[in-house]
Amino acid sequence: MSKLGGKVIAAFATFIAVLTYLAIGAAIFQAIEQEHEIEQREQYDMQLNTLLDKVDPVFHDELKAPCHMIEILEADPNKTAQWNFVNSVIFCLTIVTTIGYGATYPVTDEGRGFCIFFALIGIPLSCVSSRLRATHCQLHQMGLQETKEGARRKR
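Heads up: these notes are all about the structure in this document. (Residues numbered from 1 in each chain as written. Predicted model: local features only at pLDDT ≥ 70, side-chain atom pairs only at ≥ 80, totals over all residues. Heavy atoms only, no water.)

**Concerning the overall build of the protein chain**
Under the convention used in this document: Numbering of helices and strands runs from the N terminus; a helix is a DSSP stretch of H or I covering at least four residues, while a strand is a stretch of E covering at least two. Between buried and exposed lies partly exposed: a residue is buried under 20% and exposed over 50% of the maximum accessible area for its type, with that area taken using a 1.4 Å probe on protein chains only. Here the Shrake-Rupley method, with its probe set to 1.4 Å, supplies the accessible areas, and only the displayed protein chains count as covering residues.
The helix and strand tally for the protein chain stands at 6 helices and 0 strands. Ordered by position in the sequence, the α and β elements of the protein chain form the string α-α-α-α-α-α. The 155 residues of the protein chain split such that 25% are buried. A total of about 10,800 Å² of accessible surface is found on the protein chain, and carbon and sulfur atoms cover 62% of it.

**Examining the nonpolar core**
Note the following rule: Buried Ala, Val, Leu, Ile, Met, Phe, Trp, Tyr and Cys residues that are joined via side-chain atoms within 4.5 Å together make up what is termed a nonpolar core. In what follows, residue pairs with any heavy atoms lying within 4.5 Å of each other are defined as contacts.
Leu22, Phe29, Phe91, Cys92, Ile95 and Phe118 are the most contacted members of the largest nonpolar core, which has 14 residues in total. Elements with a contribution of two residues or more to this core: α1 (3-54), α5 (85-96) and α6 (109-154). If near-sequence neighbours (up to four positions away) are discounted, Phe118 is found in contact with Tyr21, Leu22, Gly25, Phe29, Cys92, Ile95 and Val96.

**Some details on unusual backbone geometry**
Of note in this structure, Thr98 is not a glycine but carries a positive phi near 60°. Secondary-structure assignment places Thr98 in the loop between α5 and α6. Residue classification places Thr98 among the exposed residues on the basis of a relative accessible area of 54%.

**Regarding the environment of Ser126**
Position of Ser126 relative to the elements: it lies in helix α6. Sequence separation of Ser126 and Ile95 is 31 residues, and the distance between their C-alpha atoms is 9.9 Å. Among all residues touching Ser126, those that are not within four sequence positions of it are Val18, Val96 and Thr97.

**Observations regarding the packing of aromatic side chains**
What counts is decided by this rule: Aromatic rings from Phe, Tyr and Trp, taking only the six-membered ring of Trp, are treated as a pair when their centres fall within 6.5 Å; an angle between ring planes under 30 degrees marks them as stacked, one over 60 as edge-to-face, and anything in between as tilted.
Using the criterion set out here, one finds 8 aromatic pairs in the structure. With a centroid separation of 5.0 Å and 85° between ring planes, the pair formed by Phe29 and Phe91 is classed as edge-to-face. Highlighted residues: Phe29 in helix α1 and Phe91 in helix α5, separated in sequence by 62 residues. Relative accessible area serves as the criterion here: at 0%, Phe29 is assigned to the buried category. Taken together, the ring pairs in this structure connect Tyr21, Phe29, Trp83, Phe91, Phe114, Phe117 and Phe118 into an aromatic cluster.

**Side note on a negative patch on the surface**
Our working rule: Only residues whose relative accessible area exceeds 30% and that form no salt bridge are eligible for patches; like-charged ones are grouped when within 9 Å, while nonpolar side chains (Val, Leu, Ile, Met, Phe, Trp, Tyr) are grouped when within 5 Å. Here a salt bridge means any side-chain nitrogen of Lys or Arg lying within 4 Å of a carboxyl oxygen belonging to Asp or Glu. Positive charges come from Lys and Arg alone, negative charges from Asp and Glu alone, with His and the N- and C-terminal ends not counted. To locate a charge, take atom NZ for lysine, CZ for arginine, CG for aspartate or CD for glutamate.
Residues Glu35, Glu39, Glu42 and Asp45 make up a contiguous surface patch of negative charge. By secondary structure assignment, the location of Glu39 is in helix α1.

**A few points about the environment of Val86**
By secondary structure assignment, the location of Val86 is in helix α5. Taking relative accessible area as the criterion, Val86 reaches 54% and is therefore assigned exposed. Remark: the alpha-carbon pair of Val86 and Ala26, spanning 60 residues in sequence, is separated by 8.0 Å.

**Comments concerning α5**
Selection criterion: Here the expected length of a helix is defined as 1.5 Å per residue gap, with one fewer gap than residues.
Relative to the 16 Å expected for 12 residues at 1.5 Å per residue, α5 spans 17 Å between its end C-alpha atoms, a close match to the ideal helical length. Among the residues of α5, Ser88, Phe91, Cys92, Thr94, Ile95 and Val96 are the ones counted as buried. Positive phi appears at Thr98, one or two residues downstream of α5, with a value of about 60°.

Shown next as structure tokens:
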């Protein structure tokens, strides 16, 4: 097997490993954090309903207007859930690439602990994968240059 062929396989294998790691991490974050998010929504909904029960119905719209959570509570949960699978994958990607936007973050102790563990393994894995892809690209570029030089010599 050529040097380029071995590097291609290694780059592809680590890329698949990173994708698998992201998917597994996202599923775990979703399992940990989504339950807490649902509990928080239910608690907020109960508190709002308790408040609305104590107030004259004429003022309900005025009370609901400043509450940005009303839109989230009344919306489709699949569209507004912060810890759905896709958002969890994006969160995992920001962790392993060390971007860390901060818009989504774990709030439970379990989620925070898993985040540390996930980063300790994911960041080096991401670095290795990036390095192997870069090496593959360099070897591919060198191969293209050699092919061009060989074609020029034949002329």
